[in-house]
Amino acid sequence: PVSGAFNSQPALAIMNAPLTAEEAVEPAEPDINELCTDMFEKMAIFLQGELTGTCEDYRLLENMNKLTSLKYMEMKDISINISRNLQDLNNKYASLQPYLDQINQIEEQVSSLEQAAYKLDAYSKKLEARFKKLEKR
């Protein structure tokens with residue numbers, strides 16, 4: 001064995017040795033009990049903190065879900081109002097359609113009348129020219 005190094009053979013021999021009845025019944029040293037109690041208390045505090053953090057995360061998610069739900073409800077109300085207004089506009093447009101058709105007919109008639117006026121103007125100019133030609137003779 002290397003000098004200064006821990007020799008584990010005697011420790012293994014002690015660990016493998018059978019325990020006597022007195023050794024088995026002897027309570028553990030108070031330091032170990034205190035250390036175990038301290039470790040368990042600190043582990044409990046750590047786990048409590050972890051669980052508290054997780055609970056806070058879930059509360060945050062719950063609040064975010066509630067807010068998202070409210071936003072979707074608002075959007076639903078807005079879309080219902082838009083749909084209702086669109087339906088009203090469509091109904092108004094349908095009630096105006098006969099008048100729009102009349103306007104289109106009048107526009108066609110005005111266009112037809114305008115063409116007739118241009119033809120009449122052209123014909124009157126030809127007649128005027130003939131009349132002047134006949135007057136000069």
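From a predicted model like this one, the values you see are computed outputs, not experimental measurements.

Enquirer: Would you explain the overall build of the chain in this entry?
Expert: Check the secondary structure of the chain and you find three helices and zero strands. Classification of the 137 residues of the chain by burial places 0% in the buried group. A total of about 13400 Å² of accessible surface is found on the chain, and carbon and sulfur atoms cover 62% of it.

Enquirer: Help me understand a nonpolar patch on the surface in this model?
Expert: A grouping of Tyr93, Leu96, Tyr99, Leu100 and Ile103 is seen on the molecular surface, where their side chains present a nonpolar patch of about 520 Å² in accessible area. With respect to the element layout, Leu100 can be found in helix H3 (residues 30-136).

Enquirer: How should I be thinking about a positive patch on the surface in this particular structure?
Expert: Side chains of Lys126, Arg130, Lys133 and Arg137 sit close together on the surface and give a patch of like positive charge. Residue placement: Arg137 occurs in the segment after H3.

Enquirer: I would appreciate a short explanation of the pattern of salt bridges in the present structure.
Expert: In the structure shown here, the tally under the stated rule is six salt bridges. A salt bridge links Glu56 to Arg59; the nearest nitrogen and oxygen atoms lie 2.6 Å apart. Within this pair, Glu56 and its partner Arg59 are both found in helix H3, separated by three residues, close to a single helical turn. Assessed through its relative accessible area of 42%, Glu56 is described here as partly exposed. With a relative accessible area of 46%, Arg59 lands in the partly exposed category. For the salt bridge of Asp121 with Lys125, the shortest nitrogen-to-oxygen distance reads 3.5 Å. Taken as a pair, Asp121 and Lys125 lie in helix H3 at a separation of four residues, close to a single helical turn.

Enquirer: It is not clear to me how the confidence of the model for the chain should be interpreted in this structure. Could you clarify?
Expert: For any part of a model where pLDDT is low, the fine detail of the predicted coordinates should not be relied upon. For the chain, per-residue confidence averages 86 on the pLDDT scale, and 78% of positions sit at 70 or higher. Note on residues 1-8: pLDDT under 50 across the span, and one contact to partners over four residues away in sequence or across chains. Note on residues 10-14: pLDDT under 50 across the span, and one contact to partners over four residues away in sequence or across chains.

The rules behind these values
Residues numbered from 1 in each chain as written. Predicted model: local features only at pLDDT ≥ 70, side-chain atom pairs only at ≥ 80, totals over all residues. Heavy atoms only, no water. Helix = DSSP H or I, 4+ residues; strand = E, 2+ residues; numbered from the N terminus. Buried < 20%, exposed > 50% of the residue type's maximum accessible area, 1.4 Å probe, protein only. Areas by Shrake-Rupley, 256 points an atom, 1.4 Å probe, with all protein chains shown as cover. Patch = residues over 30% accessible without salt bridge, like charges linked within 9 Å, V, L, I, M, F, W, Y side chains within 5 Å. Salt bridge = Lys/Arg side-chain N within 4 Å of Asp/Glu carboxyl O. Lys, Arg positive; Asp, Glu negative; His and termini not counted. Charge placed at Lys NZ, Arg CZ, Asp CG, Glu CD. pLDDT = per-residue confidence, 0-100. Contact = heavy atoms within 4.5 Å.

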